[in-house]
Amino acid sequence: MSRKRPTDDSDELLSRLGSLTAQARERAEFQRSQVELAIALQRGMLPGDMPTAPGFDVAVEYAPACYGLNVGGDWYDAFTLPDDRIGLSIGDVQGHNIEAAAFMGQVRVGLRALASVTSEPGELLARTNDLLLSIGTDLFATCTFMRLDPSTGVLESARAGHIPCVWATADGKSGVTEDEGGPPLGIQVGTEYPVTRYRLTTGGVFVLLTDGVVEGPSMSVDEGLDQVVRLAGIAAVAGLSAGSLAAAVIKGAETVGHEDDAAVLVVGHEAPAATAVGRGATASPRRRSGGGV
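Rules used throughout
- Residues numbered from 1 in each chain as written.
- Predicted model: local features only at pLDDT ≥ 70, side-chain atom pairs only at ≥ 80, totals over all residues.
- Heavy atoms only, no water.
- Helix = DSSP H or I, 4+ residues; strand = E, 2+ residues; numbered from the N terminus.
- Expected span 1.5 Å × (residues − 1).
- Buried < 20%, exposed > 50% of the residue type's maximum accessible area, 1.4 Å probe, protein only.
- Polar contact = N/O pair within 3.5 Å; in protein donor to acceptor, adjacent residues only side chain to side chain.
- Phe/Tyr/Trp six-rings, centres within 6.5 Å; stacked < 30°, edge-to-face > 60°.
- Axes fitted to C-alpha atoms, helices over the stretch in contact; angles between N-to-C directions.
- Parallel < 35°, antiparallel > 145°, perpendicular 65-115°, else oblique.
- Left-handed = near helix turned anticlockwise from the far one by under 90°.
- Contact = heavy atoms within 4.5 Å.
- Nonpolar A, V, L, I, M, F, W, Y, C, P; charged D, E, K, R; others polar.

Undergrad: Help me out: how do you make sense of helix 3 (residues 121-135) in this one?
TA: It helps to recall that an α-helix has 3.6 residues per turn; residues three or four apart then point in one direction. Spanning 15 residues, helix 3 covers 21 Å between terminal C-alpha atoms, matching the ideal 21 Å at 1.5 Å per step. Within helix 3, the full set of buried residues consists of Pro121, Gly122, Leu124, Leu125, Ala126, Thr128, Asn129 and Leu132. A distance of 3.2 Å separates the backbone nitrogen of Gly122 from a side-chain oxygen at the start of helix 3, and that oxygen is part of Glu120. Following helix 3 by one or two positions, Gly136 has its phi on the positive side, about 85 degrees.

Written out as structure tokens, the structure reads:
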């Protein structure tokens with residue numbers, strides 16, 4: 001006479017644990033694929049080559065989010081405008097997912113397209129703001145746009161809710177820009193963005209960055225900006241290239257313990273070897289609202 005073997009409780013427990021483990025593995029694989037897709041999307045939409053102009057050097061560094069499954073929407077861009085001036089932009093989209101990465105691409109492309117109509121920084125940000133509002137998304141973006149005239153060294157800047165830039169001169173001066181700015185893009189209809197003018201002379205540098213570079217669990221934004229100011233000051237006095245400074249700034253971003261993307265864009269006015277000694281650079285702002293040079 002056969003007897004049915006009673007169910008072993010430990011076998012049943014192991015079976016359930018195995019099922020839960022498999023489900024967790026599937027979710028982890030799905031999340032990982034989402035992150036890899038978002039990172040590929042980011043990198044595919046960011047520019048490769050930087051524009052060039054005699055005497056000026058533009059360099060970028062970018063580090064994707066390095067903790068967990070976060071993927072941010074930071075971007076940078078630099079391109080030659082129809083009048084041979086150079087447009088420089090950097091920004092950050094709200095959110096940490098594929099939607100934010102895709103929206104980043106829309107903002108960057110929108111800025112480029114509208115810059116062919118008007119490159120005046122304040123008007124460009126205002127038009128981009130209206131464009132994003134017309135899309136009907138709940139996302140918004142912070143941004144700084146600068147227009148550089150290589151023939152004069154004049155930089156015109158407009159800021160939409162973004163953190164300020166850092167500047168340094170060859171004679172040892174350095175600091176954080178204090179332009180007025182306006183709200184982030186995609187929030188309020190009919191927003192105006194004041195424009196501030198700077199002059200970048202021989203040996204000077206400007207550093208545009210995102211908050212992942214200067215703010216995190218280990219460092220406040222003010223402490224982070226001070227760190228970049230010190231690096232920029234050393235680089236300007238030592239005559240280091242824009243690329244060397246960008247690399248130093250992104251390396252310093254590791255100390256803030258950030259969980260966000262980090263982007264750095266540096267523009268420098270190179271000092272010719274024969275005249276580098278004794279030449280200074282000024283970056284004192286002249287503020288005004290709207291209008292071109």
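Undergrad: Teacher, can you tell me more about the packing of aromatic side chains here?
TA: The description of an aromatic ring pair uses the distance of the two centres, along with the angle that the planes make with each other. One pass over the structure, following the stated rule, counts three aromatic pairs. Judged by centre distance (6.4 Å) and plane angle (50 degrees), the rings of Tyr62 and Tyr76 are tilted. Linking Tyr62 in strand 1 (residues 56-63) with Tyr76 in strand 2 (residues 73-80), this pair joins segments that are 14 residues apart in sequence. The buried category is assigned to Tyr76, whose relative accessible area is 9%. Judged by centre distance (6.4 Å) and plane angle (40 degrees), the ring pair of Phe79 and Phe145 falls under tilted. Pair noted here: Phe79 is in strand 2 and Phe145 is in strand 4 (residues 141-149), with a separation of 66 residues, a long-range link.

Undergrad: Honestly, the packing of helix 4 (residues 221-238) against helix 5 (residues 242-252) in this entry has me stumped. Any pointers?
TA: Between two packed helices, the angle of one axis relative to the other and the distance separating the axes together describe the packing. Contact geometry for helix 4 and helix 5: axes closest at 10 Å, N-to-C directions at 155 degrees. Accordingly, the angle class assigned to the pair helix 4 and helix 5 is roughly antiparallel. For the pair helix 4 and helix 5, the crossing hand works out as right-handed. Facing helix 4, whose interface residues are Gln227, Val228, Leu231, Ala232 and Ala235, helix 5 presents Leu245, Ala248, Val249 and Gly252. Its residues assigned to classes, the contact of helix 4 with helix 5 shows seven nonpolar, two polar and no charged.

Undergrad: Is there a simple way to explain the packing of helix 2 (residues 98-115) against helix 3 in this structure?
TA: At a minimum axis distance of 10 Å, the contact between helix 2 and helix 3 shows a crossing angle of 135 degrees. One way to sum up the angle between helix 2 and helix 3 is to call them oblique. The two elements helix 2 and helix 3 meet at a crossing, and its hand is right-handed. The segment helix 2 lies against helix 3, with Phe103, Gln106, Val107, Gly110, Leu111, Leu114 and Ala115 engaging Leu124, Leu125, Arg127, Thr128, Leu131, Leu132 and Ile135. For the contact of helix 2 with helix 3, the per-class residue count stands at 10 nonpolar, three polar and one charged.

Bear in mind that shape data such as this cannot, by itself, settle questions of function.
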